[in-house]
Amino acid sequence: MPDLASPLIAWYRDNARDLPWRRPGFGAWGTLVSEFMLQQTPVARVIPLLEAWLERWPTPADLAAAAPADAVRQWANLGYPRRALWLHRAAVEIRDRHAGVVPRDVDDLLALTGIGDYTARAVAVFAYGDRHPVVDTNTRRVLARAVQGRSQPGPAAKRDLVDMAEILPDDIAASTVVNAAAMELGALVCTARVPRCDACPLADRCAWRAAGYPDTGDTRVKQARYEGSDRQARGAILQVLRAATTHDVAAEDVIGDWPDAAQRDRAIDSLVVDGLVEAVDGRLRLPR
Ligand code: SF4
């Protein structure tokens, strides 16, 4: 495989965005929270809510001591609010199992609620400086094109981990930079729709470019429309319950004018099943 690490490191030095979680001393808890938030939400929306979150709960123990309802409220409009609940549970587990310190070991991280392979590796690498391949959707796209000669990532994420491991330099500090650089290149240059190959440090060694940009298919799962979806109904219900800080709300009054009553009921049921809403005597509230 051609050397991709050296051009990535040089490019990252000159082009990396100044993001809160990249600043020295940001800490493992900040990294963990930011990774939860970034899983499905764009950077610009995450930053203000991340800062407010860490100001309110600067340690896992601080969040663990709060009610889950407070976490769901503070999550505001970041979307996919189960992440707030999972983050709260993870904070409780960190307090109870790890003396309040975010663990460093990937298996310990994987054992926490809401943490998958990507987040566990990201925390070990970006917070603790360890050497592991870290592969998010942006990195997968860079690997698909530069290494595998494909237009979009394939279905097997395991292969991407293997490819990323091959690219990483032996030097531990350099390996963390390469992980971050591949991600950043995918976010800024090798974008999904129109890659900017003229600005890419891998242009002279990119397999997809060398092959003439063949269309090798796209197996990515398209996100369903938000408008009119159950997700939208769930969001509207949570918005009402977030605002109700002093009282529970009668179930029939929560988005009572929703145009599709069956969808509304389904959304309430699914929120209860997810633990995001509690139903007590016909009234709804955020989890205590
Ligand atoms: S040369 Fe183009 S397609 Fe290849 S990695 Fe760079 S931006 Fe992506």
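Residues numbered from 1 in each chain as written. Predicted model: local features only at pLDDT ≥ 70, side-chain atom pairs only at ≥ 80, totals over all residues. Heavy atoms only, no water.

1. A closer look at helix 13 (residues 230–243)
Here is step 1: Between its first and last C-alpha, helix 13 extends 20 Å over 14 residues, near the 20 Å set by a 1.5 Å rise per residue.
Here is step 2: Of the positions making up helix 13, those classed as buried are Gln232, Ala233, Arg234, Ala236, Ile237, Leu238, Leu241 and Arg242.
Here is step 3: Tucked inside the fold, the buried residues of helix 13 contact helix 5 (68–75), helix 6 (82–97), strand 1 (249–250), helix 14 (261–274) and strand 3 (283–285). (Helix = DSSP H or I, 4+ residues; strand = E, 2+ residues; numbered from the N terminus. Expected span 1.5 Å × (residues − 1). Buried < 20%, exposed > 50% of the residue type's maximum accessible area, 1.4 Å probe, protein only. Contact = heavy atoms within 4.5 Å.)

2. Digging into the sheet that holds strand 3
Two modes of strand pairing occur in sheets, parallel and antiparallel, and in both the strands are linked by backbone hydrogen bonds.
Here is step 1: In spatial order, the strands read 1-3-2; together these 3 strands make up an open sheet with antiparallel pairing. Since the sheet does not close on itself, it has two edges, and those belong to strand 1 and strand 2 (278–280), each with one partner.
Here is step 2: Note: strand 1 against strand 3, 2 bridges, orientation antiparallel. By the bridge assignment for strand 3, Val249 is matched with Leu284. (Pairing = 2+ DSSP bridges.)

3. Quick look at the packing of helix 2 (residues 27–38) against helix 6
Here is step 1: The N-to-C vectors of helix 2 and helix 6 enclose an angle of 155°; their axes lie 10 Å apart at closest approach. One element, helix 2, and the other, helix 6, form an angle in the roughly antiparallel class. Between helix 2 and helix 6 lies a crossing whose hand is right-handed. Mapping the contact onto sequence places Trp29, Leu32, Val33, Phe36, Met37 and Leu38 in helix 2 and Arg83, Trp86, Leu87, Ala91 and Ile94 in helix 6. (Axes fitted to C-alpha atoms, helices over the stretch in contact; angles between N-to-C directions. Parallel < 35°, antiparallel > 145°, perpendicular 65-115°, else oblique. Left-handed = near helix turned anticlockwise from the far one by under 90°.)

4. A few points about the nonpolar core
Here is step 1: Counting 54 residues, the largest nonpolar core has Trp29 and Trp53 as the members making the most contacts within it.
Here is step 2: Counting residues per element, this core draws most heavily on helix 2, at 7 residues.
Here is step 3: Residues contacting Trp29, with those up to four places away along its chain left out, are Trp53, Leu54, Trp57, Pro58, Thr59, Pro60, Leu63, Leu87, Ala91, Ile94 and Val102.
Here is step 4: Within the second largest apolar cluster, 25 residues are counted, among which are Val135, Ala146, Val189 and Cys190. (Core = buried A, V, L, I, M, F, W, Y, C linked by side-chain atoms within 4.5 Å.)

5. Observations concerning the environment of Asp62
Here is step 1: You can see Asp62 is positioned in helix 4 (residues 60–64).
Here is step 2: Residue classification places Asp62 among the partly exposed positions, given a relative accessible area of 32%.
Here is step 3: Taking C-alpha positions, Asp62 is 33 Å from Asp253, a pair spaced 191 residues apart along the chain.
Here is step 4: Of the polar contacts made by the side chain of Asp62, one reaches the side chain of Thr59; its length is 2.9 Å. (Polar contact = N/O pair within 3.5 Å; in protein donor to acceptor, adjacent residues only side chain to side chain.)

6. Digging into the site of the ligand
Here is step 1: The full set of residues close to the ligand is Arg145, Cys190, Pro195, Cys197, Cys200, Ala203, Cys206, Trp208 and Arg209.
Here is step 2: By residue class, the composition of the shell around the ligand is 7 nonpolar, no polar and 2 charged. (Near = heavy atom within 4 Å. Nonpolar A, V, L, I, M, F, W, Y, C, P; charged D, E, K, R; others polar.)

7. Let's talk about the packing of aromatic side chains
Here is step 1: Taken as a whole, this structure holds 3 aromatic pairs when the rule is applied.
Here is step 2: Centroid distance Trp53 to Trp57: 4.8 Å. Interplanar angle 70°. Geometry classified as edge-to-face.
Here is step 3: In this structure Trp57 comes out as buried when scored by relative accessible area, which is 4%.
Here is step 4: Ring centres of Trp208 and Tyr213 lie 4.9 Å apart, and the angle between their planes is 85°; this geometry places the pair in the edge-to-face category.
Here is step 5: Exposure remark for Trp208: the relative accessible area of 10% places this residue in the buried category.
Here is step 6: Taking relative accessible area as the criterion, Tyr213 reaches 36% and is therefore assigned partly exposed.
Here is step 7: One residue, Arg231, lies across the ring of Tyr80, its end atom 4.2 Å from the ring centre. (Phe/Tyr/Trp six-rings, centres within 6.5 Å; stacked < 30°, edge-to-face > 60°. Lys NZ or Arg CZ within 6 Å of the ring centre and 35° of its normal.)

8. Here's the deal with unusual backbone geometry
Here is step 1: For Ala76, which is not glycine, the phi dihedral falls at a positive 50°.
Here is step 2: Within the secondary structure, Ala76 is located in the loop between helix 5 and helix 6.
Here is step 3: Classification of Ala76 by relative accessible area gives partly exposed; the value is 26%.
Here is step 4: At Ala99, a residue that is not glycine, the phi angle is positive and equals roughly 55°.

9. Quick notes on the UniProt feature "domain: HhH-GPD" (unreviewed entry) in the chain
Here is step 1: Cross-referencing UniProt, the feature "domain: HhH-GPD" (unreviewed entry) maps to residues 37–188 in the present numbering.
Here is step 2: The span residues 37–188 is 66% helical and 0% strand by assignment, and the distance between its end C-alpha atoms comes to 19 Å. (UniProt positions renumbered as here; feature names shortened; annotations may be inferred.)

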